[in-house]
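Now for the letters of each chain:
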Amino acid sequence: MKKFFFALAMFAMALTASAQSSDTPFEKGKIYVGAGFSGLNLNYNSNTKWNFDINTRGGYFIEDNWMLLGEFMWGIRQKADNEFLLGAGARYYIVQNGLYLGAGARYAHQGSEYNDFVPNLNVGYAYFLNRHVTIEPELYFDISTKSFKDYTGVGLRVMLGVYF
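Values in this document were obtained by computation on a predicted structure and should not be read as measured data. (Residues numbered from 1 in each chain as written. Predicted model: local features only at pLDDT ≥ 70, side-chain atom pairs only at ≥ 80, totals over all residues. Heavy atoms only, no water.)

A few points about the overall build of the chain
Point 1. Looking only at helices and strands, one finds two helices and nine strands in the chain.
Point 2. In the chain, the succession of helices and strands from N to C terminus is α-β-β-β-β-β-β-β-β-α-β.
Point 3. Looking at the 164 residues of the chain, the share that counts as buried comes to 37%.
Point 4. Of the contacts made within the chain by residues no fewer than 6 positions apart, 50% connect residues no fewer than 24 positions apart.
Point 5. Accessible area of the chain: about 9,200 Å², with a carbon and sulfur share of 68%. (Helix = DSSP H or I, 4+ residues; strand = E, 2+ residues; numbered from the N terminus. Buried < 20%, exposed > 50% of the residue type's maximum accessible area, 1.4 Å probe, protein only. Contact = heavy atoms within 4.5 Å. Areas by Shrake-Rupley, 256 points an atom, 1.4 Å probe, with all protein chains shown as cover.)

Quick look at the structure:
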């Protein structure tokens, strides 16, 4: 087990060593990896009363301040089947301090009868803990195309991001 953690630490140092030559974390060619959670009654839609979501994201800066994202989410629901989402989107960093706007679309699947196309909007802030690691609180608005009244939701998501 010690060898595994040592190898993981060496891999992380190798990745961050190449990234340290850069001036800004939001420049063309950078890679982003993020993971986080939402829910815990920090969001609302009329169909689910309590939920917990685990999010993973990966991104690539195609231009300075412009990132394309891929996302996978697994959601646990109290009064419904668990939910899986797969999506893509883009993020624009307004200023170099980390404020960003995002938009995207997801395919949502829940149980045997719910499949939905869910466009979303978000605004967040990438707070840097060090040169590469961020905590990213984000407000989001998910728009259901199946049933606006029942499945459209707003909420707060907290991500941990790494910029390479």
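From this point, the narrative continues.
Topic: a nonpolar patch on the surface
Point 1. There is a patch of nonpolar side chains on the surface, built from Ile94, Val95, Leu99, Leu101, Val123, Tyr125, Tyr127, Leu129, Ile135, Leu139 and Leu160 and spanning about 920 Å² of accessible area.
Point 2. Every element with two or more residues in the nonpolar patch is listed here: β5 (99–110), β6 (114–125) and β8 (133–142).
Point 3. As for its placement among the helices and strands, leucine 160 is situated in strand β9 (residues 153–163). (Patch = residues over 30% accessible without salt bridge, like charges linked within 9 Å, V, L, I, M, F, W, Y side chains within 5 Å. Salt bridge = Lys/Arg side-chain N within 4 Å of Asp/Glu carboxyl O.)

Focus on the pairing of strand β2 (residues 51–63)
Point 1. Of the strand pairs in this sheet, β2 and strand β3 (residues 66–77) are connected by twelve bridges, and their pairing is antiparallel. In the sheet register, asparagine 55 faces β3, and the bridge partner there is methionine 73.
Point 2. In this antiparallel pair of consecutive strands, β2 and β3, the connection spans two residues, and asparagine 65 shows a positive phi of 70 degrees. (Pairing = 2+ DSSP bridges.)

Considerations on the packing of aromatic side chains
Point 1. Under the criterion given, the structure shown has eleven aromatic pairs.
Point 2. On the basis of an interplanar angle of 55 degrees and a centroid distance of 5.5 Å, the ring pair of tyrosine 93 and tyrosine 100 is categorised as tilted. Neither tyrosine 93 nor tyrosine 100 differs from the other in exposure class; each is buried.
Point 3. Aromatic ring contacts, followed pair by pair, group Phe26, Tyr32, Phe61, Tyr93, Tyr100, Phe128 and Tyr163 into a single cluster.
Point 4. Over the face of the ring belonging to tyrosine 140 we find arginine 157, whose NZ or CZ atom lies 4.1 Å from the ring centre. (Phe/Tyr/Trp six-rings, centres within 6.5 Å; stacked < 30°, edge-to-face > 60°. Lys NZ or Arg CZ within 6 Å of the ring centre and 35° of its normal.)

Some thoughts on the nonpolar core
Point 1. Of all hydrophobic cores here, the largest spans ten residues; its members are Phe26, Tyr32, Phe61, Met67, Leu69, Tyr93, Tyr100, Ala126, Met159 and Tyr163.
Point 2. Contributing elements (two or more residues each) for this core: β3 and β9.
Point 3. Ranked by size, the runner-up nonpolar core spans five residues in total, among them Met73, Ala108, Tyr114 and Val118. (Core = buried A, V, L, I, M, F, W, Y, C linked by side-chain atoms within 4.5 Å.)

Quick notes on the pairing of β9
Point 1. Residues Gly153, Gly155, Arg157, Met159, Gly161 and Tyr163 point to one face of β9 and are all buried, whereas Val154, Leu156, Val158, Leu160 and Val162, pointing to the other face, are not buried.
Point 2. Across ten bridges, β8 lies against β9 in antiparallel orientation. Within β9, the position partnered with proline 137 by the bridge is valine 158.

Quick notes on the pattern of salt bridges
Point 1. Going through the model one piece at a time under the given rule, you end up with eight salt bridges.
Point 2. Across the salt bridge formed by lysine 28 and glutamate 63, the nearest N and O atoms sit 3.9 Å from each other. Here glutamate 63 lies in strand β2 and lysine 28 lies in the loop between α1 (2–19) and β1 (31–44), a separation of 35 residues in the sequence.
Point 3. For glutamate 71, the salt bridge goes to arginine 106, with nearest N and O atoms at 3.1 Å. One end of the pair, glutamate 71, is in strand β3; the other, arginine 106, is in strand β5, and 35 residues separate them in sequence.
Point 4. One continuous salt-bridge network, built from bridges that share partners, spans Arg57, Glu71, Arg91, Arg106, Glu136, Glu138, Asp142 and Arg157.

Observations concerning the confidence of the model for the chain
Point 1. The share of residues in the chain with pLDDT of 70 or more is 77%, and the mean pLDDT across the chain is 82.
Point 2. Mean pLDDT values over the elements of the chain span from 48, in α1, up to 95, in strand β4 (residues 83–93).
Point 3. With pLDDT under 50 throughout, residues 14–21 is counted as low confidence; its partners more than four residues away or in other chains account for eight contacts. (pLDDT = per-residue confidence, 0-100.)

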